[in-house]
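Results of the structural survey
Listed below, chain by chain, are the residues.
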Amino acid sequence: MTGLGAVFRPQLPPERLRALARLADETGLAELWLWEDCFLEGGISAAAAALAWTERVRIGVGLLPVPLRNVAVTAMEAATLHRMFPGRAVLGVGHGVQDWMGQVGARAESPLTLLREYLVALRALLAGERVTTRGRYVSLDGVALDWPPDGPVEVLTGATGPRTLRLAGEAADGTMLTAATPPEGVRRARRLIDEGRQKAGRTDPHRVVVYLLTATGPDASARLRAELTAEGLADVPGLGVAGDADAVAKAVQRLADAGADTVVLQPTADEPDPEGFVRFTAREVRPLVP
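Residues numbered from 1 in each chain as written. Predicted model: local features only at pLDDT ≥ 70, side-chain atom pairs only at ≥ 80, totals over all residues. Heavy atoms only, no water.

Regarding the overall build of the protein chain
Rules: Helix numbers and strand numbers start at the N terminus; a helix is a DSSP run of H or I with at least 4 residues, a strand a run of E with at least 2. The globule rule used here is 2.2 Å times the number of residues to the 0.38 power, and the radius of gyration it is set against is calculated over C-alpha atoms. Each residue gets one of three labels from its accessible area relative to the maximum for its type: buried under 20%, exposed over 50%, partly exposed in between, using a 1.4 Å probe on protein chains only. Whether two residues are in contact is decided by their heavy atoms, any of which lying within 4.5 Å being enough. Every accessible area reported is derived by Shrake-Rupley at a probe size of 1.4 Å, with residue values counting cover from the shown protein chains alone.
The secondary structure content of the protein chain amounts to ten helices and eleven strands. A compact globule built from 290 residues would reach a C-alpha radius of gyration of about 19 Å, and the protein chain, at 18 Å, matches this within 12%. Considering only C-alpha atoms, the protein chain reaches an extent of 60 × 40 × 40 Å along its principal axes. The buried share of the protein chain, reckoned over its 290 residues, is 54%. In the protein chain, 74% of the contacts between residues at least 6 apart in sequence involve partners at least 24 apart. Accessible surface, the protein chain: about 12800 Å² in total, of which carbon and sulfur atoms supply 51%.

Notes on the pairing of strand β7 (residues 155-158)
What counts here: The rule for pairing is simple: two strands pair if DSSP sees at least two bridges between them. By convention, a crossover is right-handed whenever its connection, traced from the first strand over the helix to the second and viewed with the strands pointing away, goes clockwise.
Because side chains alternate across β7, one face comprises the buried residues V155 and T157, and the other comprises L156 and G158, equally buried. Inspection of the sheet shows β7 paired to strand β8 (residues 174-177) by three bridges, in the parallel sense. Its bridge partner being in β8, T157 is matched across the sheet by T175. A crossover connection joins β7 to the parallel β8 through helix α6 (residues 162-171); in handedness this β-α-β unit is right-handed.

Description of the packing of helix α5 (residues 111-126) against α6
To keep things clear, this is the line we draw: Here an angle of 0 to 180 degrees is reported between the N-to-C directions of two axes, which are lines fitted to C-alpha atoms, with helices fitted over the stretch in contact. Relative orientations are named as follows: roughly parallel for angles under 35 degrees, roughly antiparallel for angles over 145 degrees, roughly perpendicular for angles from 65 to 115 degrees, and oblique for any other angle. Helix crossings get a hand from a simple test, with the near helix turned counterclockwise from the far one by less than a right angle marking a left-handed crossing and a clockwise turn marking a right-handed one. Under the grouping applied here, Gly and all other residues not named as nonpolar or charged are polar, the nonpolar ones being Ala, Val, Leu, Ile, Met, Phe, Trp, Tyr, Cys and Pro and the charged ones Asp, Glu, Lys and Arg.
For the pair α5 and α6, the least separation of the axes is 11 Å and the interaxial angle reads 15 degrees. Relative to α6, the element α5 lies roughly parallel. In terms of crossing hand, the pair formed by α5 and α6 is right-handed. Between α5 and α6, the contacting residues are L112, L115, R116, L119 and R123 on the first element and R163, T164, L167, E170 and A171 on the second. Partitioned by chemical class, the residues of the contact of α5 with α6 number five nonpolar, one polar and four charged.

Remarks on the pattern of salt bridges
Formally: We count a salt bridge whenever a side-chain nitrogen from Lys or Arg sits within 4 Å of a carboxyl oxygen from Asp or Glu.
Under the criterion given, the structure shown has 26 salt bridges. Residue E275 pairs with R16 through a salt bridge whose shortest N-O separation is 3.1 Å. You can see E275 sitting in helix α10 (residues 274-285) and its partner R16 sitting in the loop between β1 (3-8) and α1 (17-27), a full 259 residues away along the chain. A salt bridge links R223 to E271; its shortest N-O distance comes to 3.6 Å. Here R223, found in helix α8 (residues 220-230), pairs with E271, found in the loop between β11 (262-267) and α10; they are 48 residues apart in sequence, far enough to count as distant. Here the two residues R223 and E271 agree in accessibility, since each one is buried.

Points about a nonpolar patch on the surface
As a reminder of what qualifies: Think of a patch as exposed residues, more than 30% relative accessible area, with no salt bridge, where like charges cluster within 9 Å and nonpolar side chains (Val, Leu, Ile, Met, Phe, Trp, Tyr) cluster within 5 Å.
A surface patch of nonpolar side chains, about 270 Å² in accessible area, is lined by F39, L68 and V104. As for its placement among the helices and strands, L68 is situated in the loop between β3 (58-65) and α3 (71-84).

Below is the structure:
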């Protein structure tokens, strides 16, 4: 079965999260995803609150920008969430938007090197290992978590370019693709991820999560077109979907057929009814997605 989720966009004030998280839980939504976009809302703090307010929905953070966070801190925070809310936290890490990283003085000269070192160290720490490493960016001296997760946890990474997609296959447990990824882009990403997996000799599962820009309601087409235009994506075929549940479910299926394991519906930034969007995803679209 294709996984289905929705995004709580940080353009909404953080005090709106409680009601939306509880609604996601009540309506049976499988996953609610949060963003740590600069300079809006903190990913870990929001995820911890959403998990505490709910009982069953999985809470994802996609993604934590690695230049902002020491890997040991990320490991501690991830392990804490996994122990307090087993099986319900999903964390992704990635390069971060380079302009934002520059604004805070954290921009890395080689983002790919940083991400590689970070993923290797983070997965080892979360597996309960004691890690000593002297990398270009990641340096640990006999670091081990006193309270590692009780079992295996997946570490996802965001990726767009070919080298990062291959790295995702080598060093991560799953990959997140942005809403700028059409079905053919998902197929291409899968091929590159598999190249990385083959290089690393990995045969374990690798989940691909894809965001789908989604608008519904009487002005759906206009809102979708406006957001794609603002992002410079209006001429990319196959991006986003506007319409009723049937139209959205068909768009989800196209991404699933291309290789997505989970599709996360991303409302437009000006979505007029975020609560209604969660209900729409869980109650109208989910029954139509095999």
